[in-house]
Amino acid sequence: QVQLVESGGGLVQPGGSLRLSCVASGSIFSIRSMGWYRQAPGKQREMVALFTSSGISNYADSAKGRFTISRDNAKNTLYLQMNSLKPEDTAVYYCNIQDPWNAYWGQGTQVTVSS
């Protein structure tokens, strides 16, 4: 059973930074993608940043230039460094891993950008 546990969310002022972490446990034999999604109140969940199976990183237009996705394979941990945060970045952020058969999600971590 795959488990994903996010941490690092919180309240930050506009222009501030946060780093989210996602620790993965369990066995996944064929990863299609791994990344971060977010869902704001009243909106659909959207992709923020992810790694493809070939290790290429993709970003939503809203994240380009401000967010950086990275990973530490030795620690089974995925990160999202978020800089220059804006109020519109306020959302619950979810870690996701997809294999050919399943999509695994963490419980989410709240990010609130407000003065």
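Scope of this entry: the structure provided in the associated data block. Position numbers for residues start from 1 in each chain and track the written sequence from start to end. Local features are withheld for residues below a pLDDT of 70 in this predicted model, meaning they are given only at 70 or higher, and side-chain atom pairs are given and counted only at 80 or more; totals for whole chains, interfaces and linings count all residues. Side-chain figures throughout are based on the complete set of non-hydrogen atoms in the structure, without hydrogens or water.

Focus on the environment of A60
Part 1: Within the secondary structure, A60 is located in the loop between β6 (57-59) and β7 (67-72).
Part 2: A 1.4 Å probe rolled over the protein chains alone gives each residue an accessible area, and that area as a share of the maximum for its type sets the label: buried under 20%, exposed over 50%, partly exposed in between. Residue classification places A60 among the buried positions, given a relative accessible area of 15%.
Part 3: The spacing of A60 and V92 is 32 residues in sequence and 16 Å in space, taken between C-alpha atoms.
Part 4: Contacts are residue-level and defined by heavy atoms, with any inter-residue pair within 4.5 Å sufficient. Discounting chain neighbours no more than four positions away, the residues touching A60 are M47 and V48. Numbering of helices and strands starts at the N terminus; helices are DSSP runs of H or I of at least 4 residues and strands are runs of E of at least 2.

Some points on the pairing of strand β4 (residues 33-39)
Moving residue by residue along a regular strand, the side chains alternate between the two faces of the sheet.
Part 1: Among the seven residues in β4, six count as buried, and that is most of the element.
Part 2: Strand direction decides the pairing type here: β4 and strand β5 (residues 46-52), joined by six bridges, are antiparallel. The residue of β5 that forms the bridge with S33 is T52.
Part 3: Paired strands, in this sense, are two strands between which DSSP finds at least two bridges. Hairpin connection from β4 to β5: six residues lie between these consecutive antiparallel strands, with G42 at a positive phi of about 75 degrees.

A closer look at the state of the cysteines
Part 1: Any cysteine sulfur atom paired with another within 2.5 Å is treated as part of a disulfide. A full pass over the atoms with the stated rule returns one disulfide.
Part 2: Note on cysteine connectivity: C22 is disulfide-linked to C95, with sulfurs 2.1 Å apart. Here the S-S torsion is close to -80 degrees, and the disulfide linking C22 with C95 is therefore left-handed. On the criterion of sequence distance, the pair formed by C22 in strand β3 (residues 18-25) and C95 in strand β9 (residues 91-98) is long-range, its members being 73 residues apart.
Part 3: By relative accessible area, which is 1% here, C22 ends up buried.
Part 4: The exposure class of C95 is buried, given its relative accessible area of 1%.

Without other data, these values stay purely geometric and don't point to any function.
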